[in-house]
Amino acid sequence: MADVPARKLRRYQEMRDFGRTAEPAGGDPGGPAGHRFVVQRHRARRLHYDFRLELDGVLVSWAVPKGPTLDPKARRLAVHVEDHPIEYAGFEGVIPRGEYGGGDVIVWDRGVWRPVDADPARAIEDGTLHFDLDGEKLAGRFVLVRTNRGEKDQWFLLHKEDEHAEAGWDAEDHPRSVKSGRTNDEVAAAPDALWHGDRPAAHAEEPVGFAAATADELAALDDLKAKGKWSVAGRELSLTNLDKVLFPPAGGGSPVTKRDLIRYYATVGPVMLPYLAGRPLNTNRFPQGVTEPGFWQKEVPKHAPEWLTTWRNERAEAGESQRYVVADSVATLAWLANYGALELHAWTSRADDVDHPTWVLFDIDPGPETSFAEVLELARLHRTALEHLGLTGRPKVTGQRGIQVWVPIAPHCTFEQTRTWAETVSKTIGRVLPDLVSWAWAKDRRRGRARLDYTQNVLNKTLVAPYSVRPRPGAPVSVPLEWDELDDDGLTPDRWTIRDVPARLAEHGDPFAKLLGVEQKLPGL
């Protein structure tokens, strides 16, 4: 039976030139057989959604012009097309024009499917397949029904009336990738991965990342006078007050100007942007520098450039922020820095699914009498707890006094569920060292003790983003760590500034990179 998938993929392979297209050629299923499903939003000659079910070593596929729906009264045309290799479930990128299906592709939804029919292959042959989906967007009972066996093998895709049904549900209202958080436009402009069809599935994807500021662009920034036009990453920005001091010196160092801040964000942007892209952004602005009071800004200003990616909060009430920045390019980070947005806080949920976070956050907030050694002791207990629960996470110094622990999760839980789970973990840790911890909200009631703050796991509450600058003298930075760095005698919560973070990244890389794309299920949820 080993040749069955190969036989089924002949048509797929005959239709493609794998010397030109980055699509996987097939041959390596990339793991044990299962019941994966994937839906890819595919802008080829015409927009359509590719609906794929793993069965007998291949992805059985249908092209759905209007996309799947949760509306039980809607019938979606679905054209049965050639089987695809299992590796295709992870493909997101650009198929070259002139190739079959040329255009951009995102992983619009994915998960597992469960056939209702005892023999799903026979059910497809007979023309009616009932099945359940458990994805990040699609869920519930579906049925595929063949309408004819003509030149185009046409079917209807329908959602049954069940607890997941939703009248009027339209796929186009949910345009972002569940893999990268990006839209087709963003993938087309800068694919974040190249697929190598001649490699095994586990090694087929080569990250490309976000476009960085070039050496020539940074040199042009350095050559500008106090204001002027600057082009970066294909965008032209009008920069002002470049020599204005935003951060006074600390520890005998030199002051940090707006030019320095723009240069920093343009330099570390490719590492920082994966934690910001696809998410609404809250910013802490200090247009007069950190020696003057700052203020929080969420609403996109009217003078923002048209190219800026934004997200509209359709639920916002009168007086609430309506439109948020979504930082998805080095140019956006540079614009924010010029705008005086020193400190960046991204939502823990994505813009296309704001009700389901992809991070659980633990904030070790020291009290006036808490030493940094005690903060470290509490952080190590978080590591122990995560290991006991079988979860992966990483710590991050805040750039001020504390440490945070970030845990990536699959976007299936509500904020209420994740907050309750984080509260249970935090209070379990607190019972180990009760003399160090207070649960009082007000600092003046904590008797100088630290607070293990789980309350940021709420919609539109945030913690400072990885590699964001903090509003303190010297421009300290919130820097991700490896767990064993907690044992470094030289570690302090504000050890790194914008002057030395680029060198640290060049030497050690990004410890949080291991967390990107990890979708963990919280025990007990």
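Residues numbered from 1 in each chain as written. Predicted model: local features only at pLDDT ≥ 70, side-chain atom pairs only at ≥ 80, totals over all residues. Heavy atoms only, no water.

Draft legend 1. Focus on the packing of helix α8 (residues 372-389) against helix α9 (residues 415-432). Relative orientation of the contacting elements α8 and α9 amounts to 125 degrees, with a least axis distance of 10 Å. The angle between α8 and α9 falls in the class oblique. Remark: the crossing between α8 and α9 carries right-handed chirality. Note on element contacts: α9 touches α8 through W421, V425, I429 and V432, opposite L381, H382, A385 and L389. Its residues placed into classes, the contact of α8 with α9 shows seven nonpolar, one polar and no charged. (Axes fitted to C-alpha atoms, helices over the stretch in contact; angles between N-to-C directions. Helix = DSSP H or I, 4+ residues; strand = E, 2+ residues; numbered from the N terminus. Parallel < 35°, antiparallel > 145°, perpendicular 65-115°, else oblique. Left-handed = near helix turned anticlockwise from the far one by under 90°. Contact = heavy atoms within 4.5 Å. Nonpolar A, V, L, I, M, F, W, Y, C, P; charged D, E, K, R; others polar.)

Draft legend 2. Layout of α8. The terminal C-alpha atoms of α8 lie 26 Å apart, and with 18 residues this matches the ideal 26 Å at 1.5 Å per residue to within 8%. Considered for burial, the residues of α8 that qualify are F372, V375, L376, L378, A379, H382, A385 and L386. Taken together, the buried residues of α8 touch β23 (359-365), β25 (403-408), α9 and β26 (451-453). (Expected span 1.5 Å × (residues − 1). Buried < 20%, exposed > 50% of the residue type's maximum accessible area, 1.4 Å probe, protein only.)

Draft legend 3. Representation of the packing of aromatic side chains in the model. Scanning the model with the defined rule gives 19 aromatic pairs in all. The interplanar angle of 10 degrees and the centroid separation of 6.0 Å between the aromatic rings of F131 and F142 together place this pair among those described as stacked. In this pair, F131 sits in strand β7 (residues 128-135) while F142 sits in strand β8 (residues 139-146), placing the two residues 11 residues apart along the sequence. Ring plane angle 55 degrees and centroid distance 5.3 Å describe the contact between Y264 and Y265, whose orientation is recorded as tilted. Per residue, the accessibility class of Y264 equals that of Y265, and both read buried. An aromatic cluster is built from F51, W113, F131 and F142, whose rings are joined through pairwise contacts. Looking at R75, its charged tip hangs above the ring of F156, at a distance of 4.3 Å from the centre. (Phe/Tyr/Trp six-rings, centres within 6.5 Å; stacked < 30°, edge-to-face > 60°. Lys NZ or Arg CZ within 6 Å of the ring centre and 35° of its normal.)

Draft legend 4. Representation of the nonpolar core within the structure. Counting 84 residues, the largest nonpolar core has Y265 and L276 as its most contacted members. One finds F51, V64, L70 and I124 within the second-largest nonpolar core, a separate group that totals 27 residues. (Core = buried A, V, L, I, M, F, W, Y, C linked by side-chain atoms within 4.5 Å.)

Draft legend 5. Spotlight on the sheet that holds strand β24 (residues 394-397). If you trace the four strands from one edge of the open sheet to the other, you get β24-β25-β23-β26, paired in antiparallel fashion. If you trace the sheet from one side to the other, it starts and ends with β24 and β26, each paired once. Across this sheet, the average inter-strand angle for adjacent strands is 20 degrees, counted without regard to direction. Of the pairings in the sheet, the one linking β24 to β25 comprises four bridges and is antiparallel in character. Note that in β25 the partner of R394 across the bridge is W406. Lying over the sheet, α8 contacts β23, β25 and β26, oriented at roughly 15 degrees with respect to β25. Contacting β23 and β26, α9 runs over the sheet at an angle of about 35 degrees to β23. (Pairing = 2+ DSSP bridges.)

Draft legend 6. Quick peek at the pairing of strand β1 (residues 36-43). Extensive coverage of β1 is indicated by the burial of six of its eight residues. Both β1 and strand β6 (residues 103-115) contribute to a ladder of eight bridges, which runs antiparallel. Within the sheet, the bridge partner assigned to V38 lies in β6 and is R110. Sheet analysis places β1 next to strand β2 (residues 47-55), joined by seven bridges and oriented antiparallel. From the neighbouring strand, V39 faces β2, where its bridge partner is F51.

Draft legend 7. Inspection of the pattern of salt bridges at higher detail. In total, this model carries 23 salt bridges according to the counting rule given. Between D132 and R141 there is a salt bridge whose closest N-O contact spans 2.4 Å. We note a salt bridge from R394 to E482, for which the minimum N-O separation is 3.2 Å. With R394 in strand β24 and E482 in the loop between β26 and α10 (501-508), this residue pair connects regions lying 88 residues apart in the sequence. Residue R394 is classed as buried on the basis of its relative accessible area of 12%. The structure contains a network of salt bridges with shared partners spanning R110, E136 and E519. (Salt bridge = Lys/Arg side-chain N within 4 Å of Asp/Glu carboxyl O.)

Draft legend 8. Just the packing of helix α6 (residues 258-272) against α10, in detail. With their axes 10 Å apart at the nearest point, α6 and α10 run at an angle of 30 degrees to one another. Put simply, α6 runs roughly parallel to α10. Between α6 and α10 lies a crossing of left-handed hand. Along the contact surface, α6 presents Y264, T267, V268 and V271, while α10 presents V501, P502 and L505. Grouping the amino acids of the contact of α6 with α10 by side-chain chemistry returns six nonpolar, one polar and no charged.

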